[in-house]
2 protein chains.
Amino acid sequence: MIPSRFNGLYQTYLDAIEVGLKQVVNRANAFGSTRLYDILAYHMGWKVRGKGSESRGKRIRPLLLLLSCSAAGGEWSRALPGATAVELVHNFSLIHDDIEDHSPLRHGRKTVWKKWGIPQAINAGDAMFSLAHLEAIRLAQTVEVTIGLKAVEIMQNTCFHLTQGQYLDLSYESRHDVTVDDYWPMVEGKTAALISASTQLGALAAFCDDQLSEIYRQFGRLIGLAFQIQDDLLGIWGNIALTGKSIHSDLVTGKITLPVLYGLSRSDEFADRWKRNQIHLDDVPELTRLLELSGAREFAAMQVTRLLDEALATLNQAKPVGNAADALVNLASSLVNRQY
Amino acid sequence: MIPSRFNGLYQTYLDAIEVGLKQVVNRANAFGSTRLYDILAYHMGWKVRGKGSESRGKRIRPLLLLLSCSAAGGEWSRALPGATAVELVHNFSLIHDDIEDHSPLRHGRKTVWKKWGIPQAINAGDAMFSLAHLEAIRLAQTVEVTIGLKAVEIMQNTCFHLTQGQYLDLSYESRHDVTVDDYWPMVEGKTAALISASTQLGALAAFCDDQLSEIYRQFGRLIGLAFQIQDDLLGIWGNIALTGKSIHSDLVTGKITLPVLYGLSRSDEFADRWKRNQIHLDDVPELTRLLELSGAREFAAMQVTRLLDEALATLNQAKPVGNAADALVNLASSLVNRQY
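Residues numbered from 1 in each chain as written. Chains lettered and ligands numbered in written order. Predicted model: local features only at pLDDT ≥ 70, side-chain atom pairs only at ≥ 80, totals over all residues.

(A) Spatial organisation of the overall build of chain A. Across its full length, chain A carries 17 helices and two strands. Here the C-alpha radius of gyration of chain A, 20 Å, is about what a compact globule of 340 residues would show, namely 20 Å. With respect to the three principal axes, the spread of C-alpha positions in chain A is 60 × 50 × 35 Å. A burial count over chain A gives 54% of its 340 residues as buried. Taking the intrachain contacts of chain A between residues at least 6 apart in sequence as the baseline, contacts between residues at least 24 apart amount to 71%. (Helix = DSSP H or I, 4+ residues; strand = E, 2+ residues; numbered from the N terminus. Rg over C-alpha atoms; globule rule 2.2 N^0.38 Å. Buried ≥ 20, exposed ≤ 12 C-beta atoms within 10 Å, placed from the backbone. Contact = placed C-beta atoms within 7 Å.)

Okay, structure coming up:
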């Protein structure tokens, strides 16, 4: 995480999130199925010899959820089951996405399917999915029955939306007519859905009414879109040492990103090279140059700025309060502007 | 379904189940993701040129759920969202299991992964999973909020239990020390969990108290275990024309079943052949003979009879009422004694 004057607050939340996550995943240790637990704990980054938190995700979604709850005037500790639930959903989707995208590495370590094979990885993702929703149900106790039920419904609608985004992503791979317009429904599902659910659930756990929760949802949605485009940029122009991903993998794997779709529409030379055949590591420098020449990098960066501005203006409408309000703005900005 | 005097009743329920299922899966037609819908509808057996219901599952779980609800004195139509939910969970698990087990055929048709590839099949299973749970939440409206919340929790615990059973099944494949004792925790998760949830949810939707719902759950659990062992028997001694599966696939694929585990413990000759190397189609007649000689077929058949007797005695304790009570006994018996 980027150093800031909110680090203390973030850490308080992050510690509580990690304790919560471990309690849930520990359920996989019951019934003697110890090794199913091992798979889940490995994926969560807990069982790594000689490594610390760098093998974990950044726990962005639960952090946004708890900060939204606090900023909306709620008691963040009541929202904790929601926070662990969104992080577990995120990790369920990573386990499955890594299989679907054939990704061998995550956070510099082998992915679950690479280590245990595809069948166990599919099943471990399914287990993570159920654990996530079992956590969401607990909001009925920590907050209120009707809010718990609403949270469960939001979570499942979000998961369904995730699969719609992923469906589009996978289907675009075999198509040659995908445009910039096709980008948005894909990322609304793949990325914005879960981040918007996070900020919305935070507001709901603070007993916000539907209108106010909807503003928080919008805020999360815009942050999510900006976050994804920044991810797209880093996937092409990022630094492997910081991102922990294989360099230029997004161009080599043919991933459909905003810069690529923009480049396809603006540069015939890039489009010819992209569509001709499989892209090899040797082609990457030239393709990257053509993409930059087409204005794709600038276009994508402009979208990031626009979306972040909109997101912060939206949050303002919700009149967030206290230290958490500032911390939320700080976190959103640093996520969207991150370099890794 | 085996012809019986309850066919009219079954058909009433089955028609309502099919209407409910179609309404849910239609949600995948929203957001323009028409082809995600196509995948799900294909799997459910609705889009089959020149074929009728033989390309569908038997909808056993939702039927047991609705009959349990009626037999417990409830209004079955209120339990419908539970019925569609359990059937969708079953189908989610089939889509993923078919990938994990590398099965090319189901009901005589290509499996989803075989037709659309592994990535889309994983994702379609995930979509089915979310739709299932969105349905379960609707019980909060059709029955009552607290019962809806309880149902959602039972469903997720069941799904988690499913993954534990599947984890064991997959891990047994690479082990040579699996015994008859190891069989039970695997099938408790893989098969009994969802069938026991079905009968329990039916009772809950009839406003049964915890004690009575627990009896219905036990009944379903015993039926589930018996059902699985019968499935094991059919996988070795069944008739391909009726089951629609590749003949002897359970011996060829090395599937861990009760007859095989019994045979391994009783026949050194069978154990030698089983462990030596991959089993080919040519080896199947001799292996089947050795297995039968070991008493495995008789042992498994005895377990089926014992479990069915226990199940019916358990149901009796619940004092089921009306035509549905008799239909439930009839259905349970015919499922367990089925030849396909």
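(B) View of the nonpolar core. Counting 228 residues, the largest nonpolar core has Met128, Ile223 and Ala226 of chain A together with Met128, Ile223 and Ala226 of chain B as its most contacted members. In this structure, this core is formed jointly by two domains, domain 1 (1-208) and domain 2 (213-317) of chain A, each of which donates at least three residues. Sequence-distant contacts of Ala226 of chain B, defined by excluding residues within four places in its chain, comprise Val304, Leu307, Leu308, Ala311 and Val336 of chain B. (Core = buried A, V, L, I, M, F, W, Y, C linked by C-beta atoms within 7 Å. Domains from an automatic or database assignment.)

(C) Seen up close, the packing of helix α3 (residues 60-71) of chain A against helix α9 (residues 180-205) of chain A. All names here are of chain A. Running from amino to carboxyl end, α3 crosses α9 at an angle of 30°, the nearest separation of the two axes being 7 Å. With respect to each other, α3 and α9 are oriented roughly parallel. Crossing geometry of α3 relative to α9 is assigned as right-handed. When α3 is examined against α9, the residues Arg61, Leu64, Leu65, Leu66, Ser68 and Cys69 are found in contact with a partner set consisting of Leu194, Ile195, Ser198, Thr199, Leu201, Gly202, Ala203 and Ala205. By residue class, the composition of the contact of α3 with α9 is nine nonpolar, four polar and one charged. (Axes fitted to C-alpha atoms, helices over the stretch in contact; angles between N-to-C directions. Parallel < 35°, antiparallel > 145°, perpendicular 65-115°, else oblique. Left-handed = near helix turned anticlockwise from the far one by under 90°. Nonpolar A, V, L, I, M, F, W, Y, C, P; charged D, E, K, R; others polar.)

(D) Just the relation of the copies chain A and chain B, in detail. For these two chains of identical sequence, chain A goes onto chain B by a turn of 180° and a shift of 0.0 Å along the axis, with RMSD 0.0 Å. Here the transformation between the copies is reduced to the relation of a two-fold axis. In terms of proximity to the rotation axis, the leading residue of chain A is Leu149 of chain A, whose C-alpha is 3.3 Å off the axis. Comparing interface residues between copies, 100% of those in chain A also sit at the interface in chain B, which points to an isologous, same-surface contact. (Least-squares fit on C-alpha atoms with pLDDT ≥ 70 in both.)

(E) Here's a closer look at the domain arrangement of chain A. Residues and elements named next belong to chain A. When the domains of chain A are assigned, the result is domain 1 (1-208) and domain 2 (213-317). For domain 1 and domain 2, the distance between their C-alpha centroids amounts to 23 Å. Of all the secondary-structure elements, those providing two or more residues to the side of domain 1 that touches domain 2 are α3, α8 (145-172) and α9. Per element, the largest residue contribution to the side of domain 1 that touches domain 2 is 13 residues, and it comes from α9.

(F) How the structure looks around the interface of chain A and chain B. Counting residues at the interface gives 38 residues for chain A, matched by 38 residues for chain B. Elements represented by at least two residues in the side of chain A that touches chain B include exactly α2 (34-44), α4 (80-100), α6 (118-137) and α8 of chain A. Sort the elements by how many residues they give to the side of chain A that touches chain B and α8 of chain A lands first, with 17 residues. Split by residue class, the side of chain A that touches chain B holds 20 nonpolar, 14 polar and four charged.

(G) Quick look at the environment of Lys190 of chain A. All names here are of chain A. Mapped onto the secondary structure, Lys190 falls in helix α9. The exposure class of Lys190 is buried, given the 22 C-beta atoms found within 10 Å. Not counting the four nearest positions on each side in its chain, Lys190 is found in contact with Leu162, Gly165, Gln166 and Asp169.

(H) How the structure looks around helix α17 (residues 322-336) of chain A. Residues and elements named next belong to chain A. Taking 1.5 Å of rise per residue, the 15 residues of α17 would be expected to cover 21 Å, and the 22 Å separating its terminal C-alpha atoms lies within 8% of that figure. Looking at α17, one finds that the buried residues are Ala324, Ala325, Ala327, Leu328, Leu331, Ala332, Leu335 and Val336. One face of α17 carries all of its buried residues, which in axial projection span an arc of 165°. Elements that come into contact with the buried residues of α17 comprise α1 (7-25), α3, α10 (210-237) and α16 (296-317). (Expected span 1.5 Å × (residues − 1). Arc of directions from axis to C-beta.)

(I) View of the environment of Asp282 of chain A. Residue and element names in this part refer to chain A. Mapped onto the secondary structure, Asp282 falls in the loop between α14 (268-276) and α15 (284-293). In this structure Asp282 comes out as exposed when scored by C-beta crowding, with 7 C-beta atoms within 10 Å. Considering only alpha carbons, one finds Asp282 and Val252, 30 residues apart in sequence, at a separation of 9.7 Å.

(J) Quick look at unusual backbone geometry. All names here are of chain A. Positive phi, normally seen in glycine, also occurs at His102, with a value near 60°. Mapped onto the elements of the fold, His102 is located in the loop between α4 and β1 (105-106). At Phe207, a residue that is not glycine, the phi angle is positive and equals roughly 60°. Within the secondary structure, Phe207 is located in the loop between α9 and α10.

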